[in-house]
Each structure stands twice: as C-alpha cells, then as structure tokens.
Amino acid sequence: MTSDAPLAAASLEACVSVQAADFDPGAETLALSAGRRDVGAVATFVGLVRADKGAAEASEISVMTLEHYPGMTERSLQAIVREAWERWSLQGVRVIHRFGPLVPGERIVFVGVASAHRGDAFAACEFIMDYLKTRAPFWKREDTPEGGRWVDARETDDAAAARWGSPKVQG
Amino acid sequence: MSVKVLYFASLRESLGYSHETLTLPPTIATLGDLRAHLARRGGVWEALGDGHNVRAAINQEMAGPDALVQPRDEIAFFPPVTGG
C-alpha cells in the first residue's frame with residue numbers, strides 16, 4: 001500500500017500478509033519507496049525466532065510454532081494499520097506475519113513504514129509492533145527436546161501497547 | 001439458537017478439539033452467559049468462567065461479557081495472544 005489518499009479497503013488488504021512462507025526484508029523495504037519521490041524515511045522492523053532456553057531451562061528451543069485465527073488475524077492487522085494511518089502522516093505500510101513451525105534464526109514478522117520524515121516512520125512502526133503483539137490472534141508454542149509449552153503473554157507487552165493511549169482497536 | 005464455537009492454542013489442546021456447533025438454550029443472551037454455560041461442563045471447561053484468563057471474539061472481533069450472542073455467530077475462545 002502506497003498512497004496519501006484515505007485508505008481504500010483494497011489497499012488495506014494489500015498491505016497485510018499472513019503466510020507460512022518466508023519473506024525478503026530487502027525487497028519489501030525497497031518496495032515501500034519504489035517509484036516515489038515524496039518518501040523521505042522508511043523504518044522497518046524484523047522479528048526473529050530466538051534460541052532461548054525452553055520452559056525446562058535444560059536445552060534451547062528447537063522449533064517455535066505459531067498458531068493463528070485465520071480471518072480474524074488479517075482483520076485485526078488491517079485494523080491496526082488503519083489506526084496507524086489515521087494517527088501519523090504515512091505514505092506506505094507493509095505488515096507480514098508468518099505462521100507454522102519456525103526454527104531459531106528464522107524471520108517471524110516484518111513491519112515497514114514509509115513517510116516523509118523519520119519521526120512518523122519510527123513511531124508508526126513501533127506502534128504497529130506494540131499493537132500487533134497484544135491484539136493480533138497469534139499464539140507461540142515452544143518445543144525443546146524435553147517437551148513443549150505455550151508461551152505466556154507478557155505484561156511488558158501490554159504496557160508497551162498502553163503507552164500509545166486509548167485504543168480504537170479493541171484488544 | 002445455534003452458534004459455531006472455535007478454540008485456539010493451549011485451550012484447543014487441553015479440550016482436545018478445535019470447534020463445535022452448539023444449540024443454546026433460550027436463557028443465553030450474552031457472551032458472559034455462554035461462558036458460564038460452558039464453564040458448567042466442569043474440568044478444563046472451568047477455564048471459560050470468571051477469573052480465568054481466556055479471551056473471546058464474536059465474528060472475529062474481540063468481545064466482552066456484555067456482547068450479545070446472535071444465531072449463527074462465530075464465537076472464539078483463546079488465551080492472551082503472543083505473536084510478533
């Protein structure tokens with residue numbers, strides 16, 4: 001999605017992808033300003049699977065599996081993007097979130113924001129990640145050689161989302 | 001009325017299935033009523049009752065206990081989200 005006009009539903013759909021496949025952060029970053037002369041800043045975030053110790057603290061995570069709620073996931077990400085678009089002056093947004101089994105080092109999520117100036121790009125990128133972590137219906141399961149467990153939600157993530165003020169996006 | 005109910009993540013795993021179609025008694029008007037109704041099944045279902053950390057959505061929008069349940073709604077129950 002790259003437009004200064006109010007968001008059409010079609011362009012909102014086009015800027016969100018929920019997929020099993022990997023993505024190319026370089027290509028996605030370039031696409032946010034391709035053919036444009038008015039974009040002065042592109043801020044991006046890439047989230048990766050970390051090889052933390054699992055619940056038993058015995059060995060590292062071998063696989064992290066992301067479950068999601070097909071349909072609601074896309075709708076909630078689109079609602080978050082729409083809210084970012086209303087709060088800041090943006091020229092392009094791209095959100096990609098993967099699901100399924102992932103191993104440490106693999107990419108999970110991409111958020112890219114194009115704007116005229118860095119302030120709006122940085123803020124909107126962080127806002128989208130903070131809201132995504134507390135509102136988009138994804139759940140992580142960690143597996144180690146000793147067994148698996150579902151990852152607990154973190155209060156620090158709620159606090160990070162709360163600092164952006166009263167949400168229009170309910171969570 | 002009849003509704004479709006979905007379960008996700010640890011809740012789906014502990015219940016042993018991901019969805020069911022329920023025919024609800026006429027006394028159930030709100031999501032809170034439905035949660036109490038399901039919690040009365042006992043065992044792992046008690047997680048849907050008050051004081052447990054299970055979130056809900058109606059027709060793919062987050063919903064609180066006062067939200068009205070309508071015929072043919074898609075209602076989902078799940079733990080707090082952990083994506084990103």
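Novice: Just to check I follow, could you spell out unusual backbone geometry for this structure?
Specialist: Peptide bonds are trans in most cases, and residues, glycine excluded, mostly fall at negative phi. All names here are of chain B. In this structure, A9 takes a positive phi of about 55° despite not being glycine. Positive phi outside glycine occurs at R72, with the angle close to 70°. You can see R72 is positioned in the loop between β4 (61-62) and β5 (74-78). Judged by relative accessible area, which is 72%, R72 ranks as exposed.

Novice: In this structure, what is going on with the sheet that holds strand β6 (residues 107-115) of chain A? I would like to understand it.
Specialist: Strand pairing in a sheet is mediated by backbone hydrogen bonds. Such pairs are either parallel or antiparallel. All names here are of chain A. Spatial ordering of the open sheet is given by β1-β4-β6-β2, a layout of 4 strands whose pairing is mixed. The sheet is open, and its two borders are formed by β1 (16-19) and β2 (41-48), each paired with just one other strand. This sheet shows a mean twist of 10° between the axes of neighbouring strands, independent of strand direction. Two strands pair when backbone bridges link them, and β2 and β6 are joined in this way by 8 bridges, in the antiparallel orientation. Residue V42 lies in a different strand from β6, and its bridge partner there is A114. Contacts between helix α4 (residues 118-135) and the sheet are confined to β2, β4 (92-98) and β6, with β6 contributing the most and set at about 145° to the helix.

Novice: What am I meant to see in the packing of α4(A) against helix α5 (residues 155-162) of chain A here?
Specialist: Residue and element names in this part refer to chain A. Where α4 meets α5, the closest approach of the two axes is 8 Å, and the angle between their N-to-C directions is 135°. As the angle between them shows, α4 and α5 are arranged oblique. Seen from above, α4 lies across α5 with left-handed handedness. In this structure, α4 contributes D130, Y131, K133, T134 and R135 to the contact, and α5 contributes D157, D158, A160 and A161. Classifying every residue of the contact of α4 with α5 by side-chain character gives 3 nonpolar, 1 polar and 5 charged.

Novice: Would you mind going over helix α2 (residues 31-39) of chain B with me for this structure?
Specialist: One turn of an α-helix holds 3.6 residues; hence residues three or four places apart share an orientation. Residues and elements named next belong to chain B. All of the buried residues along α2 are L31, L34, R35, L38 and A39. Seen along its axis, α2 keeps its buried residues to an arc of 135°; they face one direction. Lining the buried residues of α2 we find β1 (2-7), β2 (19-23), β3 (55-58) and β5.

Novice: Looking at this structure, how should I read the pairing of strand β3 (residues 63-68) of chain A?
Specialist: Remember that side chains alternate between the two faces of the sheet whenever the strand is regular. Residue and element names in this part refer to chain A. Taken together, the 6 bridges between β3 and strand β7 (residues 138-144) define a ladder with antiparallel strand orientation. Paired with T65 across the bridge in β7 is R141. Two elements, β3 and strand β5 (residues 100-102), share 3 bridges in a ladder whose sense is antiparallel. Following the sheet pairing, L66 is matched in β5 by G100.

Novice: Whenever I open this one, the environment of A:D52 confuses me. Can you help?
Specialist: All names here are of chain A. Along the chain, D52 turns up in the loop between β2 and β3. When the C-alpha positions of D52 and F99 are compared, they lie 19 Å apart, and in sequence the two are 47 residues distant. Discounting chain neighbours no more than four positions away, the residues touching D52 are S59, E60 and I61. Within the structure, the side chain of D52 is placed 2.8 Å from the side chain of R50, a separation counted as a polar contact.

Novice: What is the right way to read the interface of chain A and chain B from this model?
Specialist: How big an interface is tends to be stated in terms of accessible area lost as the parts join. Taken together, the contact between chain A and chain B spans 28 residues of the former and 20 residues of the latter. Summing both sides of the interface, chain A and chain B together bury roughly 1900 Å²; the carbon and sulfur share of this comes to 56%. Of all residues in chain A, A:Y69, A:M72 and A:W139 bury the most surface against chain B, accounting for 33% of the area lost on that side. If you look at where chain A meets chain B, you find 3 salt bridges. The partner of A:R141 in a salt bridge is B:E13, with the nearest N and O atoms 3.1 Å apart. Between chain A and chain B we count 15 residue pairs in polar contact (both at pLDDT 80 or more) in total. Breaking the side of chain A that touches chain B down by element, the ones donating at least two residues are β3, α3 (72-87), β6, α4 and β7 of chain A. A per-element tally of the side of chain A that touches chain B places α4(A) first, with 5 residues. Looking at side-chain class alone, the side of chain A that touches chain B contains 15 nonpolar, 6 polar and 7 charged residues.

Cut-off values and rules
- Residues numbered from 1 in each chain as written.
- Chains lettered and ligands numbered in written order.
- Predicted model: local features only at pLDDT ≥ 70, side-chain atom pairs only at ≥ 80, totals over all residues.
- Heavy atoms only, no water.
- Helix = DSSP H or I, 4+ residues; strand = E, 2+ residues; numbered from the N terminus.
- Buried < 20%, exposed > 50% of the residue type's maximum accessible area, 1.4 Å probe, protein only.
- Pairing = 2+ DSSP bridges.
- Axes fitted to C-alpha atoms, helices over the stretch in contact; angles between N-to-C directions.
- Contact = heavy atoms within 4.5 Å.
- Parallel < 35°, antiparallel > 145°, perpendicular 65-115°, else oblique.
- Left-handed = near helix turned anticlockwise from the far one by under 90°.
- Nonpolar A, V, L, I, M, F, W, Y, C, P; charged D, E, K, R; others polar.
- Arc of directions from axis to C-beta.
- Polar contact = N/O pair within 3.5 Å; in protein donor to acceptor, adjacent residues only side chain to side chain.
- Buried area = accessible area lost by both parts, 1.4 Å probe.
- Salt bridge = Lys/Arg side-chain N within 4 Å of Asp/Glu carboxyl O.

That's the geometry; what it means functionally is another story.
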